[in-house]
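Descriptive structure summary
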Amino acid sequence: MQQHDICILGAGPGGASAALHLANKGISCVLLDKAVFPRDKVCGDALSGKVVNELKRISPDLPALLSQQEEQLPSWGIHFISPAGHKLSVPFKPDYKAAEDVPSGYISKRIDFDNFLIEQVKKRPEITLLEGIDISKVERNEQGFSLTDKSGEHQFSTCLLIAANGAHSAFARHEAGIKQEPEHYCAGLRAYYKNVAGLDKDNFIELHFLKDFLPGYFWIFPLPGGYANVGVGMLSETVSQKKINLKKEMLRIIETHPEFKQRFAAAELMSDIKGYGLPLGSKKRVISGDNYMLVGDAASLIDPFTGEGISNAMISGRWAATQAELCLQQQNFSAGFMQGYDKAVYNRLWKELKLSRRMQQLLDYPWLFNQVASKASKNQALAETISCMFTDLDLRERLKQPSFYLKLLFN
Ligand SMILES: Cc1cc2nc3c(=O)[nH]c(=O)nc-3n(C[C@H](O)[C@H](O)[C@H](O)COP(=O)(O)OP(=O)(O)OC[C@H]3O[C@@H](n4cnc5c(N)ncnc54)[C@H](O)[C@@H]3O)c2cc1C
């Protein structure tokens with residue numbers, strides 16, 4: 001039995017960030033993962049400006065180091081395509097100059113990005129990274145928790161467990177009591193294609209809200225080397241109510257939709273079409289307890305409108321490290337003390353998650369969505385306001401007010 005003050009289960013962006021922030025504080029930990037890196041993770045592979053900010057918080061040189069990697073593509077914005085086909089283009093920075101500015105976002109296959117983080121982990125003597133350890137049993141003991149792997153050969157005992165083992169975390173379900181609620185959970189599929197035509201010259205990612213696939217969305221995200229990440233996402237509630245076969249729907253869109261039929265005419269499917277869950281942060285939950293904290297997808301922190309979860313996993317990993325330091329200093333691992341973690345995470349994320357929930361609900365009113373997109377595609381000032389809304393939360397607040405839509409419709 002190995003003893004560690006802090007044990008982090010899962011070395012994705014959430015767990016790796018927690019470990020790196022702990023290392024920055026001079027605190028050692030063991031970081032366990034069932035996979036051996038580099039490993040794949042089903043994802044849209046889009047890294048937002050928030051990810052870049054979190055990298056900077058780990059170490060100021062990391063954003064520049066990421067931009068030097070061959071396996072990433074800088075992205076300058078998002079195209080939203082409304083159900084009526086209006087294209088609303090939202091640059092991440094207004095008036096950007098692709099050749100000169102530092103990009104605000106990237107697209108990088110997770111097999112590469114997560115390994116980039118693991119490379120940073122491997123440089124830190126404070127972190128004991130153990131790969132290929134599939135933890136199948138977590139039990140309470142007098143210290144806190146004991147963890148045992150599938151083979152029974154590896155056992156760990158810890159007073160503080162940071163569970164960052166993703167959307168299918170058994171610990172989050174059984175110990176923390178986080179239920180998978182279909183109205184707060186999304187199903188997603190991802191495939192890699194080569195030679196999709198008509199990709200944006202500045203690598204804008206594309207989110208298509210198609211009228212015969214609402215309230216779901218279809219995405220095409222350009223990748224290096226002529227690849228594209230192509231996928232669909234839809235609330236699990238709708239998938240089961242309408243008995244939707246997501247894979248069939250995705251192939252139907254690619255093969256029969258007039259625009260995509262053309263754009264995919266010479267495209268080649270380069271992978272299996274794989275599915276995975278997205279636990280949405282559209283509901284506040286208790287994400288810690290006696291001797292543990294949940295991080296990232298295990299804590300259900302994915303943005304309900306954009307499906308973005310990497311940055312929120314990294315943010316929660318950072319706050320888990322802050323709380324862990326306090327726990328060690330005060331030798332207090334009680335659920336009451338651990339509440340400081342929940343407060344910090346939701347202080348940072350709740351406003352944003354709540355607004356995204358509203359925007360997600362806008363998809364129930366496709367006519368309103370069409371009107372907003374149609375007006376914005378003809379009105380530069382409005383398009384810029386919406387562009388700023390993605391970075392400015394106060395502006396985004398306006399989306400909550402009916403007067404915003406009334407003015408828009410009748411101006
Ligand atoms: C289809 C789809 C598209 C998405 N698109 C985007 C996007 O474009 N941009 C974005 O920001 N987010 C996206 N997301 C969300 C994003 O993938 C997650 O939010 C993110 O991966 C969360 O990171 P994490 O560290 O919490 O968990 P993960 O990245 O899932 O890492 C968990 C780790 O735990 C390990 N693990 C699991 N069980 C065990 C065990 N028993 N023992 C040991 N180790 C274990 C796993 O091997 C894994 O390495 C998407 C998700 C899906 C499903």
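Residues numbered from 1 in each chain as written. Predicted model: local features only at pLDDT ≥ 70, side-chain atom pairs only at ≥ 80, totals over all residues. Heavy atoms only, no water.

Next up on the list: the overall build of the protein chain. A count of helices and strands for the protein chain gives 14 helices and 19 strands. The globule rule puts the C-alpha radius of gyration for 411 residues at 22 Å, and the 21 Å found for the protein chain is close to it. The dimensions of the protein chain, computed from C-alpha atoms along their principal axes, are 65 × 50 × 45 Å. Considering the protein chain as a whole, with its 411 residues, one finds that 57% of them fall into the buried category. When the accessible area of the protein chain is evaluated, it comes to approximately 17900 Å², of which 50% is carbon and sulfur surface. (Helix = DSSP H or I, 4+ residues; strand = E, 2+ residues; numbered from the N terminus. Rg over C-alpha atoms; globule rule 2.2 N^0.38 Å. Buried < 20%, exposed > 50% of the residue type's maximum accessible area, 1.4 Å probe, protein only. Areas by Shrake-Rupley, 256 points an atom, 1.4 Å probe, with all protein chains shown as cover.)

Here we take up the site of the ligand. In the neighbourhood of the ligand, 36 residues make up the surrounding shell, with Gly14, Asp33, Gly44, Arg110 and Asp297 lying closest. In this structure, a nitrogen atom belonging to the ligand sits 3.3 Å away from a side-chain N or O atom of aspartate 134. In the complex, 93% of the free accessible area of the ligand, which totals 1000 Å², lies under the protein chains. Taken together, the elements giving at least two residues each to the shell around the ligand come down to helix 1 (13-24), strand 14 (217-222), strand 17 (274-279) and helix 9 (310-330). Of all the elements, strand 17 adds the most residues to the shell around the ligand, at 3 residues. Here the shell around the ligand is composed, by residue class, of 16 nonpolar, 11 polar and 9 charged. (Near = heavy atom within 4 Å. Polar contact = N/O pair within 3.5 Å; in protein donor to acceptor, adjacent residues only side chain to side chain. Nonpolar A, V, L, I, M, F, W, Y, C, P; charged D, E, K, R; others polar.)

Take the pairing of strand 13 (residues 205-208) next. On a regular strand, one side chain projects to one face of the sheet and the next to the other, so that they alternate. Here strand 13 shows no split at all, with Ile205 and Leu207 on one side and Glu206 and His208 on the other all buried. As paired elements, strand 5 (residues 77-81) and strand 13 share 4 bridges and run parallel to each other. Of the residues in strand 13, the one forming a bridge with histidine 79 is glutamate 206. (Pairing = 2+ DSSP bridges.)

Take helix 7 (residues 246-256) next. Among the residues of helix 7, those classed as buried are Leu246, Glu249, Met250, Ile253 and Ile254. All buried residues of helix 7 lie within an arc of 130° about the axis, which places them on one face of the element. For helix 7, the exposed residues lying more than 90 degrees away from the buried face are Lys248 and Glu255. Put simply, asparagine 245 is the residue that caps the front of helix 7, since its side-chain oxygen is 3.2 Å from the backbone nitrogen of lysine 247. (Arc of directions from axis to C-beta.)

If you trace the 3 strands from one edge of the open sheet to the other, you get 3-7-4, paired in antiparallel fashion. The sheet terminates laterally at strand 3 (46-47) and strand 4 (72-75), the two strands that pair on one side only. Looking at chain direction, strand 3 and strand 7 (residues 105-108) are connected through 2 bridges and run antiparallel. Each residue of the ladder has a partner; that of alanine 46, found in strand 7, is isoleucine 107.

Next up on the list: the environment of phenylalanine 92. Locating phenylalanine 92 in the fold gives a position in the loop between strand 6 (87-91) and strand 7. Note: C-alpha distance between phenylalanine 92 and glycine 77 (15 residues apart in sequence) is 4.7 Å.

For the rest of this paragraph, the subject is the packing of helix 1 against helix 9. As a packed pair, helix 1 and helix 9 sit with axes 7 Å apart at the nearest point and diverge in direction by 35°. Between helix 1 and helix 9 lies a crossing of right-handed hand. On the side of helix 1, the interface is formed by Pro13, Gly14, Ser17, Ala18, His21 and Leu22, while helix 9 contributes Ile310, Ala313, Met314, Gly317, Arg318, Ala321 and Ala324. Its residues assigned to classes, the contact of helix 1 with helix 9 shows 8 nonpolar, 4 polar and 1 charged. (Axes fitted to C-alpha atoms, helices over the stretch in contact; angles between N-to-C directions. Left-handed = near helix turned anticlockwise from the far one by under 90°. Contact = heavy atoms within 4.5 Å.)

Summed over the entire model, instances satisfying the criterion amount to 19 salt bridges. A salt bridge links aspartate 134 to lysine 150; the shortest N-O distance between them is 3.4 Å. Of this pair, aspartate 134 sits in the loop between strand 8 (127-130) and strand 9 (135-140) while lysine 150 sits in the loop between strand 10 (145-149) and strand 11 (155-163); the two residues are 16 residues apart in sequence, bridging distant segments of the chain. On the basis of relative accessibility, which here comes to 25%, the residue aspartate 134 falls in the partly exposed class. In this structure lysine 150 comes out as exposed when scored by relative accessible area, which is 65%. When the shortest N-O distance is used, the salt bridge between aspartate 202 and lysine 201 registers 3.1 Å. A relative accessible area of 74% means that lysine 201 is categorised as exposed. (Salt bridge = Lys/Arg side-chain N within 4 Å of Asp/Glu carboxyl O.)

Next up on the list: the side chain of serine 311. Locating serine 311 in the fold gives a position in helix 9. The class of serine 311 is buried, set by a relative accessible area of 0%. Of the polar contacts made by the side chain of serine 311, one reaches the side chain of glutamate 308; its length is 2.7 Å. With sequence-adjacent residues up to four places away left out, serine 311 is seen in contact with Ser48, Lys50, Val51 and Glu54.

Moving on to the nonpolar core. It is characteristic of soluble globular proteins that their nonpolar side chains tend to be buried jointly. In terms of nonpolar packing, the biggest core is built from 72 residues, with Ile6, Ile8, Leu55, Phe113, Leu147 and Leu294 touching the most fellow members. Per-element accounting of this core gives the leading share, 8 residues, to helix 9. Here isoleucine 8 is in contact with Gly15, Ala18, Ala19, Leu22, Cys29, Val30, Leu31, Leu32 and Ile162, once residues within four sequence places are set aside. One finds Leu189, Val196, Val230 and Ile254 within the second-largest nonpolar core, a separate group that totals 21 residues. (Core = buried A, V, L, I, M, F, W, Y, C linked by side-chain atoms within 4.5 Å.)

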